Amino acid sequence: MENKKTRVRFAPSPTGHLHIGGARTALFNYLFARKYDGTFILRIEDTDELRSTKESVESIFDSMRWLGLVWDEGAMPDMSEKGEFGPYVQSRREAVGIYREYAEKLIKEGFAYRCYCTPEELDESRKKALAEKRLPKYEGLCRHLAPGQAEKYEKEGRKPVIRFKMPDDGFTGWNDLIHKELKFDNKLLYDFVMLKAGGYPTYNFACVIDDHLMQISHVIRGDDHISNTPLQINLYKALGWEMPEFAHLSMILGPDGTRLSKRHGATSVQEYKKLGYLPDTVKNYLALLGWSNPESQQIFAEGELEEKFNLDGCQKSPATFDNVKLQWMNGEYIRKISREKLYEFALPYLQEAGLDLSAAKADVKDLVYMEFEKYKLLSDIPGRLEMFFKEEPAYDPKAMEDVLKKPETDKILSGIAAAYRELPDFSEKSIEEATRVFAKANGYKNGQVFHPVRVAVSGRAQGPTLFKMIEYLSRETAVKRINKTLDMIRTANGEKSK
RNA sequence: GCCCUCAUCGUCUAGUGGCCUAGGACGCUGCCCUUUCAAGGCAGAGAUCAGGGGUUCGAAUCCCCUUGAGGGCGCCA
């Protein structure tokens, strides 16, 4: 690309959990850095004093680490700083006067000015402009204050903001790495606030100062920042600084085509974790939202995304988030991990479900692994395994009714119970053999026997492979449950004949 | 209201003037495998490339208009 070192950043504002859109931006920055052997930086933009919280910072750290998006430089989870361009938290940068210094410099050079308009006044003029169908932008009232006016305002106690003096004519454009040529008429741009009355910088100001000072080479961010870019470019020009490259990623929409939000369900990385998605799934799926390679590859092995990612494969149009495909992908990843790993991932969900793991008669790892190819979500696991941890299974009324009403069930189940009781060795293999022998000897088709046994033992019509399930359940439990079902049949028949 | 952006199967997308009778993936349908459910294998339906004009021997690909969707117009980021 160029001989300058590749340095990119993810710069979230800590006003909540890491959103899916933010995670995607972080991921693309991370992949870009890895691909070009660059540096991935994490900067915290906490200049919204009202909404920024420490908890949000921690949550963002957690989510990023969960996704495996390790950063080389920036604010660290233990609140330390890593790298030579710190501090990496904007409130800390403000504290040492970085932003004020550049704001004063711009005033001195005539690129900025103090503005004493109150929020109420601004609000009013905005409303008026809208009503008169004019552009609702700041008109630059304080650009030329009458002599002595500023002092008067100061005496009244008004706290000024510092605004950037936007050029009145000409155009501001750039060559976006994703959108190509982009151009704005400067007449539409406005004198944005650089420093708030409280002294904190605004986003557009802090972003430029920090990106420059941190020697960011590529700014990769969401589409929603396209209209901020011309503002920032004019700032770069006034400061006489070289601009980074810009790449604007398309948005992520909910299933109804509107911007992904709370009403679409889960929107934060944390929620997806809780729902039972594997981090690799989320990472892989997010990569495919707005990026693809010419082979239309779907599943990427470890390290493969880092190798194959590029900005050329990025989509200009917004992408709709598809939970169905996400679930499919999670199943793919679950099928790929080892028995040990799967158990590790499943454990919190089993505990969350309140299952007494010591109550099982088999190794819990075996139980979890038995149906591994069916799981779509880790949170599916407790429900499927419940029968192994409880005295009685949850009986599915429909399955029970189907089995109970078959005339032969009584005979079949008592025969099977007797056979199981007498088995010298209670293993999957011997159980299967005994069951098949019983069916054959009594002239039943396999399914005629297997199905009622399954329901009697598990309470359900569907489940794990039958004989392994019975082995894991143990002889006592299996026989006990079959007997219990026989009781239910007799009760039902007794009531019927009355 | 003004500005900006975007537009290929339901969804994610391939495609950069002839290889496109538009390819892949998810989902859907059917068949096979099978003790159930899955998984797997095979087959299939599904897009007049938003609509309308051009340019060209030839357009999903280039140009214009229309429409629709999204973003922005904050002392939020």
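Residues numbered from 1 in each chain as written. Chains lettered and ligands numbered in written order. Predicted model: local features only at pLDDT ≥ 70, side-chain atom pairs only at ≥ 80, totals over all residues. Heavy atoms only, no water.

## A word on the environment of aspartate 176
Reasoning step 1: With respect to the element layout, aspartate 176 can be found in strand 7 (residues 171-176).
Reasoning step 2: Taking relative accessible area as the criterion, aspartate 176 reaches 1% and is therefore assigned buried.
Reasoning step 3: Between the C-alpha atom of aspartate 176 and that of tyrosine 102, which follows or precedes it by 74 residues, the distance is 27 Å.
Reasoning step 4: When neighbours within four sequence positions are excluded, aspartate 176 is seen to be in contact with Leu182, Phe246, Ala247 and His248.
Reasoning step 5: Of note is the side chain of aspartate 176, whose polar atom sits 2.9 Å from the backbone nitrogen of isoleucine 178.
Reasoning step 6: At a separation of 3.0 Å, a polar atom in the side chain of aspartate 176 contacts the main-chain amide nitrogen of histidine 179. (Helix = DSSP H or I, 4+ residues; strand = E, 2+ residues; numbered from the N terminus. Buried < 20%, exposed > 50% of the residue type's maximum accessible area, 1.4 Å probe, protein only. Contact = heavy atoms within 4.5 Å. Polar contact = N/O pair within 3.5 Å; in protein donor to acceptor, adjacent residues only side chain to side chain.)

## Digging into the packing of aromatic side chains
Aromatic ring pairs: the centre-centre distance and the angle between the two ring planes describe each pair.
Reasoning step 1: Counted under the stated rule, the structure contains 18 aromatic pairs.
Reasoning step 2: Ring plane angle 75 degrees and centroid distance 5.1 Å describe the contact between tyrosine 285 and phenylalanine 321, whose orientation is recorded as edge-to-face. Note that tyrosine 285 is positioned in helix 10 (residues 279-288) and phenylalanine 321 in the loop between strand 13 (319-320) and helix 12 (323-336), a separation of 36 residues in sequence. A single burial state applies to tyrosine 285 and to phenylalanine 321, both of which are buried. (Phe/Tyr/Trp six-rings, centres within 6.5 Å; stacked < 30°, edge-to-face > 60°.)

## Observations concerning the layout of surface pockets
The gaps of empty space that remain are located by a probe, the size of a water molecule, rolled over the atoms.
Reasoning step 1: The calculated volume of the largest pocket comes to roughly 1000 Å³.
Reasoning step 2: Around the largest pocket, the lining comprises 32 residues; the ones closest to its centre are Pro12, Ser13, Gly22, Asp224 and His225.
Reasoning step 3: When contributions to the lining of the largest pocket are tallied by element, the ones reaching two or more residues are strand 1 (7-10), helix 1 (20-35) and strand 10 (218-222).
Reasoning step 4: Among the elements that make up the lining of the largest pocket, the one with the highest residue count is helix 1 (five residues).
Reasoning step 5: Of the residues assigned to the lining of the largest pocket, the class counts are ten nonpolar, 14 polar and eight charged.
Reasoning step 6: Counting contributing residues per domain, the lining of the largest pocket is built from domain 1 (3-77 + 252-325) and domain 2 (97-249), each supplying no fewer than three. (1 Å grid on protein atoms, 1.4 Å probe; cavity = no way out; pocket = protein on both sides within 12 Å on 5 of 7 lines; lining within 4 Å. Points joined across faces, edges and corners; volume = space filled by probe spheres on them. Nonpolar A, V, L, I, M, F, W, Y, C, P; charged D, E, K, R; others polar. Domains from an automatic or database assignment.)

## A word on the domain arrangement of chain A
Reasoning step 1: Examined at the domain level, chain A breaks down into domain 1 (3-77 + 252-325), domain 2 (97-249), domain 3 (339-388) and domain 4 (397-492).
Reasoning step 2: For domain 2 and domain 4, the distance between their C-alpha centroids amounts to 76 Å.

## Remarks on the side chain of histidine 264
Reasoning step 1: Residue placement: histidine 264 occurs in the loop between strand 12 (252-253) and helix 9 (269-275).
Reasoning step 2: Judged by its relative accessible area of 16%, histidine 264 falls in the buried class.
Reasoning step 3: Residues within four places of histidine 264 in sequence aside, it is in contact with Gly254, Pro255, Asp256, Thr258 and Arg259.

## Observations regarding the protein's contact with RNA strand B
Reasoning step 1: What surrounds RNA strand B is a group of 61 residues, the closest being Thr47, Lys196, Gly290, Lys374 and Thr465.
Reasoning step 2: Here the atoms of RNA strand B within 4 Å of the protein split so that 71% fall in sugar or phosphate, with bases taking the remainder.
Reasoning step 3: Tyrosine 203 places a main-chain nitrogen or oxygen 3.1 Å from a phosphate oxygen of RNA strand B.
Reasoning step 4: Contact distances for RNA strand B include 2.8 Å between a base nitrogen and a side-chain N or O atom of serine 296. (Near = heavy atom within 4 Å.)

## A few points about the packing of helix 1 against helix 10
Reasoning step 1: The geometry of helix 1 relative to helix 10 is characterised by a closest axis approach of 10 Å and an angle of 85 degrees between their N-to-C directions. As judged from the angle between their axes, helix 1 and helix 10 are roughly perpendicular. Counted together, Ile20, Ala23, Arg24, Leu27, Phe28 and Tyr30 of helix 1 and Lys283, Leu286 and Ala287 of helix 10 form the full contact between these two elements.
Reasoning step 2: Of the residues assigned to the contact of helix 1 with helix 10, the class counts are seven nonpolar, no polar and two charged. (Axes fitted to C-alpha atoms, helices over the stretch in contact; angles between N-to-C directions. Parallel < 35°, antiparallel > 145°, perpendicular 65-115°, else oblique.)

## Quick notes on the pattern of salt bridges
Reasoning step 1: Enumeration according to the criterion identifies 42 salt bridges in this entry.
Reasoning step 2: Between lysine 105 and glutamate 109 there is a salt bridge, with the nearest N and O atoms lying 3.6 Å from each other.
Reasoning step 3: Using a relative accessible area of 34% as the deciding quantity, one classes lysine 105 as partly exposed.
Reasoning step 4: Judged by relative accessible area, glutamate 109 falls into the partly exposed class, the value being 42%.
Reasoning step 5: A cluster of three or more residues bridged by salt bridges with shared partners is formed by Arg9, Arg43, Glu45, Arg93, Asp210 and Asp211. (Salt bridge = Lys/Arg side-chain N within 4 Å of Asp/Glu carboxyl O.)

## What to know about helix 10
Each turn of an α-helix holds 3.6 residues, which means side chains three or four residues apart point in the same direction.
Reasoning step 1: Taken across its ten residues, helix 10 has nine buried, putting it largely inside the fold.
Reasoning step 2: Taken together, the buried positions of helix 10 are occupied by Pro279, Thr281, Val282, Lys283, Asn284, Tyr285, Leu286, Ala287 and Leu288.
Reasoning step 3: Two residues or fewer past helix 10, glycine 290 is found with a positive phi of approximately 100 degrees.

## Points about the packing of helix 18 (residues 428-441) against helix 20 (residues 466-473)
Reasoning step 1: For the pair helix 18 and helix 20, interaxial distance at closest approach is 8 Å and the crossing angle is 120 degrees. By the angle between their axes, helix 18 is oblique relative to helix 20. For the pair helix 18 and helix 20, the sense of crossing is right-handed. Where helix 18 approaches helix 20, its residues Glu428, Ile431, Glu432 and Thr435 are matched on the opposing element by Phe467, Lys468, Ile470 and Glu471.
Reasoning step 2: Along the lines of polarity and charge, the residues of the contact of helix 18 with helix 20 split into three nonpolar, one polar and four charged. (Left-handed = near helix turned anticlockwise from the far one by under 90°.)

## A few points about empty space enclosed by the protein
Reasoning step 1: Within the structure shown, the criterion is met by one cavity of 30 Å³ or more.
Reasoning step 2: Around the largest cavity, the lining residues are Pro255, Leu260, His264, Ala266, Tyr272, Phe321 and Asn323.
Reasoning step 3: Partitioned by chemical class, the residues of the lining of the largest cavity number five nonpolar, two polar and no charged.

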